[in-house]
Amino acid sequence: MKIFSQATQIRPVVANTLTAIAVAYDVGMTRHDDRFDIVTLVVRAREGDIDAFEALVDRYETKLLRFCMRTLGDRQDAEDVVQDTLVQAWKSMSALTEPAAFGTWIYRLASNKCTDLLRRRMARPSDAQDPDDMSIHADGRASVEKSVEARTALQHFSDVLQTLSSEQRVTWVLHQMEGLSYAEVATTLGISEGSVRGRIHRARTAIMEGMEGWT
Amino acid sequence: MDVNEHVGSGAEPDQTSADSQRESDAQLRGVIDEYMSTFQPEPEDTAGVRERILQLVRDDLYRGPSTNLQTEQGHPFSISTASVRSIVRNAVDSVDGIRARSVDVEPAGDPEGSAATVSLTVAMRAGISFAPTAEAIRRSVSAEVLAELGIPAARIDINAEDVYVD
Amino acid sequence: MIDRGESKDSNLLYSGNVSVNGSVNGNGKEVVESARLADSVTSIAGVRALAPGLRDLVATATAKVLRRTGDEPVGVDVTRGGDGVKVRIDAHLDHTRSVAEVVDEIFSVIETDIARGAVEVSGRLDIDLRVVSRG
């Protein structure tokens, strides 16, 4: 298995910011043995080094999966998106001109796939079911009422999220749940900071209105 | 002074909306945290996805480009370029303080393919002296290519492009 | 003279790992020859496995369509063209020997098999060997 090491940053400021995104929520994924830096891993992976690519998968898979789960609200869909994203990354890694920006790039690929999937879902409203709906119909009246009450705020929030446009939803999750700043979200999605602000504002308004009385 | 006094007496509109935004975020925080904790990937989830990804990647690799070489006995063959690069990378990585990055192996010699030209870039650990290390890399690559591939490396170009700190 | 498993009828199903399907590209003889060479090559030290030959992918697909049993992929493709015979092999090697050493032995084994008559060669012999992986 390959090992990695922090490279000293002899890089322009922009790349530092981009690399910082990957580091910001590397919680729980850090191994304290020797590690190859991202640039080395990416350069090797795009030349066919499967071990290097495996190391990249190890670094990003869990975070991506969590992000996609939160954005899509569905485990299976999230797994499919993450699988497609990482395989696409392997196949098109030569398109990544700045290896240090791998983290941002991979998030962009995943975000785009999430957006596409959400759009397709919204075009077919009957598919937009929360499978957790099933468990609300539990046996035992008292427990049904209790579980309905206890779950409702969360369930309602989930419903409200589904009313957001796919762009608003992805943008909002990146900022609010993944903890990216407006600038980082803008870089990840390849849009202006102004657009990010606009989407977040509209998402926030919709969520506040939708959650009125529930919190 | 009480913050609310500022609000009542025409404080900056930006400040007010920023305050109220923070407040509404805080109210929602509980629900958001609960939502977030609902979606935690289980190790089985990640393991399954990982296996499928690596299998697809391996299949893709098998269809990748090839390098045409020739044994000393004159038998021509092609070999996946990824395999050749891997041999060189291992040789480079085995040199202390050096990490292989980009590797290029081209058929050379006469007849073409009876030898190989190797060009590579590396990252060096801070403090390493380049000239003697480059020699070590050359020796390592030369020996490994001959031993593992069975083809001599006619030329080995090395470019140090980055420095790392352990 | 009856050889183990051999028959003049190219449409019979052989015991062992050959599926003779006359409707696939080429004829039964080439499939038998492919199987023999594959057996020889896979027993070479340093050869981990052979990738499915093209014919096998087609044969397997055809077998599925015709609902016959598919068989083990042979891993060697013997084809006859205008001027001779082409032997195509995709091999997965391991680390135990140098690639050149294994390549030389593969060639040697095939040439021996040809000398023994396992493959009928008139005209040129072209051995197209690809090392798919090494690990």
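Residues numbered from 1 in each chain as written. Chains lettered and ligands numbered in written order. Predicted model: local features only at pLDDT ≥ 70, side-chain atom pairs only at ≥ 80, totals over all residues.

## Some points on the overall build of chain B
- When helices and strands are counted, chain B shows five helices and five strands.
- Contacts in chain B between residues at least 24 apart in sequence constitute 56% of all its contacts with a sequence separation of at least 6. (Helix = DSSP H or I, 4+ residues; strand = E, 2+ residues; numbered from the N terminus. Contact = placed C-beta atoms within 7 Å.)

## Quick notes on the packing of helix H8 (residues 166–176) of chain A against helix H10 (residues 193–210) of chain A
All names here are of chain A.
- Contact pair H8 / H10: the axes reach a minimum separation of 9 Å and the direction vectors enclose 95°. Here H8 lies roughly perpendicular to H10, going by the angle between them. Contacts from Glu167, Gln168, Thr171, Trp172 and His175 of H8 reach H10 at Val196, Arg199, Ile200, Arg202 and Ala203.
- Across the contact of H8 with H10, the residue classes break down as four nonpolar, three polar and three charged. (Axes fitted to C-alpha atoms, helices over the stretch in contact; angles between N-to-C directions. Parallel < 35°, antiparallel > 145°, perpendicular 65-115°, else oblique. Nonpolar A, V, L, I, M, F, W, Y, C, P; charged D, E, K, R; others polar.)

## Side note on the interface of chain A and chain B
- Every contact between the two is made by 43 residues of chain A and, on the other side, 41 residues of chain B.
- Elements with a minimum of two residues in the side of chain A that touches chain B: helix H2 (38–45), helix H3 (50–72), helix H4 (75–91), helix H7 (141–163) and H10 of chain A.
- No other element matches H3(A), which puts ten residues into the side of chain A that touches chain B.
- Looking at the side of chain A that touches chain B residue by residue, the classes come out as 21 nonpolar, ten polar and twelve charged.

## What to know about helix H9 (residues 182–189) of chain A
- If you check which residues of H9(A) are buried, you get A:Glu184, A:Val185, A:Thr187, A:Thr188 and A:Leu189.
- A:Gly190 lies just past H9(A) and shows a positive phi near 70°. (Buried ≥ 20, exposed ≤ 12 C-beta atoms within 10 Å, placed from the backbone.)

## Some details on the sheet that holds strand E4 (residues 115–125) of chain B
- Read across the open sheet, the three strands follow the order E3-E4-E5 (chain B); overall the sheet is mixed. Each edge of the sheet is formed by a strand with only one pairing partner; in this case those strands are strand E3 (98–108) and strand E5 (153–164) of chain B. The sheet shows a mean angle of 15° between the axes of neighbouring strands, taken without regard to direction.
- As paired strands, E3(B) and E4(B) are joined by nine bridges and run antiparallel to one another. When the sheet's bridge partners are listed, B:Val103 is paired in E4(B) with B:Leu120.
- Packing against the sheet, H2(A) makes contact with E3, E4 and E5 of chain B, and its axis sits at approximately 20° to E3(B).
- Packing against the sheet, helix H5 (residues 130–149) of chain B makes contact with E3, E4 and E5 of chain B, and its axis sits at approximately 135° to E5(B). (Pairing = 2+ DSSP bridges.)

## Quick look at the interface of chain C and chain B
- Contact with chain C, which involves 13 residues of that partner, is made by 16 residues of chain B.
- Going through the elements one at a time, helix H3 (99–116) and strand E4 (124–134) of chain C are the ones with two or more residues in the side of chain C that touches chain B.
- Across the side of chain C that touches chain B, the residue classes tally to seven nonpolar, two polar and four charged.
- Pairing geometry for strand E2 (residues 76–80) of chain B and E4(C), over two bridges, is parallel. Among the inter-strand pairings, B:Ser78 is bridged to a residue of E4(C), identified as C:Arg130.

## Considering the environment of B:Thr46
- By the element assignment, B:Thr46 lies in helix H3 (residues 43–62).
- Overall, the presence of 19 C-beta atoms within 10 Å leaves B:Thr46 in the partly exposed class.
- Apart from the residues lying within four places of it in its own chain, the contact partners of B:Thr46 are A:Glu61, A:Thr62, A:Leu65 and B:Pro41.

## Side note on the packing of H3(A) against H4(A)
All names here are of chain A.
- Their axes nearest at 9 Å, the elements H3 and H4 cross at an angle of 145°. Helix-helix and strand crossings are classified by hand; for H3 and H4 the assignment is right-handed. Across the interface between the two elements, Phe53, Val57, Glu61, Leu64, Leu65, Cys68, Met69 and Leu72 from H3 touch Arg75, Asp77, Ala78, Glu79, Val81, Val82, Thr85, Leu86 and Trp90 from H4.
- By residue class, the composition of the contact of H3 with H4 is twelve nonpolar, one polar and four charged. (Left-handed = near helix turned anticlockwise from the far one by under 90°.)

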